[in-house]
Amino acid sequence: QVQLVESGGGLVQPGGSLRLSCGASGRFFSIDTMGWYRQAPGKERELVAGITRGGSISYADSVKGRFTISRDTAKTTVYLQMNSLKPEDTAVYYCNAVVLVFVNVKAAYWGQGTQVTVSS
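Quick caveat, the model's predicted, so the values are computed rather than measured.

## Comments concerning the overall build of the protein chain
Phase 1: Within the protein chain, the secondary structure is distributed over zero helices and eleven strands.
Phase 2: Each helix (α) and strand (β) of the protein chain, taken in turn from the N terminus, gives the series β-β-β-β-β-β-β-β-β-β-β.
Phase 3: Here the C-alpha radius of gyration of the protein chain, 14 Å, is about what a compact globule of 120 residues would show, namely 14 Å.
Phase 4: Referenced to the eigenvectors of the C-alpha coordinate spread, the extents of the protein chain come out at roughly 50 × 25 × 20 Å.

Right, here's the structure in full:
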């Protein structure tokens, strides 16, 4: 029903910036939430930032003040502006969307992931 495509990852030096984007396409009635997760080697996947259809935003404590999540007016594309990057931010970043695919039926979809590496 839904495909998510991420872009914007890469290799940056500590203190640098990257901007990730994720676009949703497919057949669905609406998107309830979109967000960014990340998974570092040897660690579980964790929520980095999320935004609901109503505009409520949440961040992991480790990225507050450095990362900013935003979306387009159609609410089908989400961005993650990452500033003051640290080596500990190195991970594969995944886009996630919870969509309404049928009456009272929600489903979660994941993108393929984009690698972010912060190294000097």
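Once the structure has been displayed, the description carries forward.
## Looking at the packing of aromatic side chains
To describe a pair of aromatic rings, you give the distance between the ring centres and the angle between the ring planes.
Phase 1: Tallied over the entire structure, the rule returns two aromatic pairs.
Phase 2: Ring centres 4.9 Å apart and planes at 65 degrees place the aromatic pair Tyr37 and Trp110 in the edge-to-face group. Here the residue Tyr37 occupies a position in strand 4 (residues 30-39), and Trp110 occupies one in strand 10 (residues 105-110), the gap between them amounting to 73 residues.
Phase 3: Given the relative accessible area of 37%, Trp110 is considered partly exposed.
Phase 4: Ring geometry for Tyr94 against Trp110: centres 6.5 Å apart, planes inclined by 85 degrees, an arrangement best described as edge-to-face. Linking Tyr94 in strand 9 (residues 91-102) with Trp110 in strand 10, this pair joins segments that are 16 residues apart in sequence.
Phase 5: The exposure class of Tyr94 is buried, given its relative accessible area of 15%.
Phase 6: Here a set of aromatic residues connected by ring pairs shows up, and it is made of Tyr37, Tyr94 and Trp110.
Phase 7: It is Arg19 that lies over the ring of Tyr79; its NZ or CZ is 4.4 Å from the centre.
Phase 8: The residue whose ring lies beneath Arg45 is Trp110, and the NZ or CZ to ring-centre distance is 4.6 Å.

Quick notes on the rules
Residues numbered from 1 in each chain as written. Predicted model: local features only at pLDDT ≥ 70, side-chain atom pairs only at ≥ 80, totals over all residues. Heavy atoms only, no water. Helix = DSSP H or I, 4+ residues; strand = E, 2+ residues; numbered from the N terminus. Rg over C-alpha atoms; globule rule 2.2 N^0.38 Å. Phe/Tyr/Trp six-rings, centres within 6.5 Å; stacked < 30°, edge-to-face > 60°. Buried < 20%, exposed > 50% of the residue type's maximum accessible area, 1.4 Å probe, protein only. Lys NZ or Arg CZ within 6 Å of the ring centre and 35° of its normal.

Keep in mind these values describe shape, not function.
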